[in-house]
Amino acid sequence: MIIVFKPHATQEDIEKVKQKVVEFGYQPRIIQGVEQTVIAAVGDETMHKSLERLQTLPMIQKVVPIQKRYKMVSREFHDDPSVLNVGGSKIGAGNFLMIAGPCSVESREQLRTAAKDLTACGIKIIRGGAYKPRTSPYDFQGLKEDGLALLAEIKEEFGVAIATEILSVPDVDKVAAVADILQIGARNCQNYHLLEVVAGAGRTVLLKRGMATLVDEWLSAAEYLIVHGCPNVILCERGIRTFESSTRSTLDLSAVAVAKKQSHLPVIVDPSHAAGRADLVLPLAKAAIAVGADGLIVESHPNPQEACSDAAQQLPSGQFHEFYDELKPLIELCNKPR
Ligand code: PEP
Ligand code: MN
């Protein structure tokens, strides 16, 4: 941490701050210029007694962190990319994972047809929301426990792993009883209490980036999961809010590249929620693979026109093979162990 004094700080001011730095458990290194003085506080910045509170002292201009707020997610902690095993499928370090399924679980017939179509294409992890975070309270909110029961049925019948969203703390146990992957949606990326509780559920967590979340904040959210007991975290870029309105969100492919440089965790892309329209899912998926994504999560419904949520962006599950087949050579080309 670098503590910058206002110009012409007195020796007494410098001494006072130096004492505080020592009290907080850091070693102060004083750099005295002609007009301005700086203290470099050497120590572990991620300790709870944050030096940032020195900012409130009248003689201080600013306090600048030099160390990242996350460690366990970073490449400094774990040099090589992590490989996770989810319900028998690997992801990371050259293992590409495709997750597909409807936005929402709507009925037994809808979910079974999707599972049948998608498993025929080789999909081993089916997504489907039982609890849905909807912008309007008048929109379909998901089948909730009945949706979980349907997910449990297809898990058994098709031998697939399940990825489904967890919205709130009281639901963690019952959702974790069915889910192999607990999805933290964009709206909950920085819901720290939920992250803490979900981390203890013993499942892999798919952490979507929030619509207005910085990469640093997203990685810090992943740090919460690891610190609270969940080492198996998959990061997911799903588009951010920008001034652009021709797509539902702006797919931030740079964030995928940055996250993969900073972190050893697998990073996947959700082209469906970024695009908001089915015709853009394939080109965005190709771009995601090219930038180095370790997998995709794609919405696919037996009959998108009749979907209860996100109808415009879902690929017909009966034609999913066309989409997947077009990506396979690119996956082969780009997904090398790194
Ligand atoms: C979803 O996956 O259906 C969903 C709600 O996604 P997001 O949190 O990215 O909006
Ligand atoms: Mn959706």
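Refer to the structure above for everything that follows.
Nothing here was measured: the structure is a model prediction, and the numbers come from that model. (Residues numbered from 1 in each chain as written. Chains lettered and ligands numbered in written order. Predicted model: local features only at pLDDT ≥ 70, side-chain atom pairs only at ≥ 80, totals over all residues. Heavy atoms only, no water.)

### As for the overall build of the chain
- Check the secondary structure of the chain and you find 10 helices and 15 strands.
- Each principal axis of the C-alpha distribution contributes one length, and for the chain these read about 75 × 45 × 40 Å.
- By residue count, 49% of the 338 residues in the chain fall in the buried class.
- Sequence separation of at least 24 residues holds for 66% of the intrachain contacts in the chain that already meet a minimum separation of 6.
- Per element, the accessible surface of the chain, about 15,300 Å² overall, is 52% carbon and sulfur.
- Each charge sign in the chain was given a centre, from 37 positive and 41 negative side chains, and these centres are 3 Å apart. (Helix = DSSP H or I, 4+ residues; strand = E, 2+ residues; numbered from the N terminus. Buried < 20%, exposed > 50% of the residue type's maximum accessible area, 1.4 Å probe, protein only. Contact = heavy atoms within 4.5 Å. Areas by Shrake-Rupley, 256 points an atom, 1.4 Å probe, with all protein chains shown as cover. Lys, Arg positive; Asp, Glu negative; His and termini not counted. Charge placed at Lys NZ, Arg CZ, Asp CG, Glu CD.)

### Concerning the site of ligand 1
- Of all residues adjacent to ligand 1, which total 13 residues, the nearest are Arg127, Lys132, Ala186, Lys208 and Arg238.
- In the model, an oxygen atom of ligand 1 is placed 2.9 Å from a nitrogen or oxygen of the glutamine 183 side chain.
- Contacts to ligand 1 include histidine 273, whose side-chain N or O atom sits 3.2 Å from an oxygen atom.
- Relative to its unbound accessible surface of 300 Å², ligand 1 loses 97% to contact with the protein.
- Of the residues assigned to the shell around ligand 1, the class counts are three nonpolar, three polar and seven charged. (Near = heavy atom within 4 Å. Polar contact = N/O pair within 3.5 Å; in protein donor to acceptor, adjacent residues only side chain to side chain. Nonpolar A, V, L, I, M, F, W, Y, C, P; charged D, E, K, R; others polar.)

### Overview of the layout of surface pockets
- Roughly 340 Å³ of internal volume is contained in the second largest pocket.
- Lining of the second largest pocket is provided by 21 residues; of these, Arg187, Arg238, Arg248, His273 and Asp310 occupy positions nearest its centre.
- Residues belonging to the lining of the second largest pocket are distributed by class as follows: four nonpolar, six polar and 11 charged. (1 Å grid on protein atoms, 1.4 Å probe; cavity = no way out; pocket = protein on both sides within 12 Å on 5 of 7 lines; lining within 4 Å. Points joined across faces, edges and corners; volume = space filled by probe spheres on them.)

### Comments concerning the pairing of strand 1 (residues 2–5)
- Sheet topology places strand 1 next to strand 4 (residues 60–64); four bridges connect them, and they run antiparallel. Opposite isoleucine 2, over in strand 4, you have valine 64 as the bridge partner.
- As paired strands, strand 1 and strand 3 (residues 37–42) are joined by three bridges and run antiparallel to one another. Paired with isoleucine 2 across the bridge in strand 3 is alanine 40. (Pairing = 2+ DSSP bridges.)

### Some remarks on the side chain of glutamate 165
- With respect to the helices and strands, the residue glutamate 165 is situated in strand 9 (residues 161–165).
- No salt bridge is formed by the buried glutamate 165, whose closest oppositely charged neighbour, lysine 132, lies at an N-O distance of 4.9 Å.
- Contact partners of glutamate 165, with chain neighbours within four places excluded, come to Tyr131, Pro133, Val175, Gln183 and Gly185. (Salt bridge = Lys/Arg side-chain N within 4 Å of Asp/Glu carboxyl O.)

### Overview of the pairing of strand 2 (residues 27–32)
- In this structure, strand 2 lies alongside strand 3, joined through six bridges in antiparallel fashion. Residue pairing in the sheet places isoleucine 30 in a bridge with isoleucine 39 of strand 3.
- Linking strand 2 back to strand 3 in an antiparallel pair, the connection comprises four residues.

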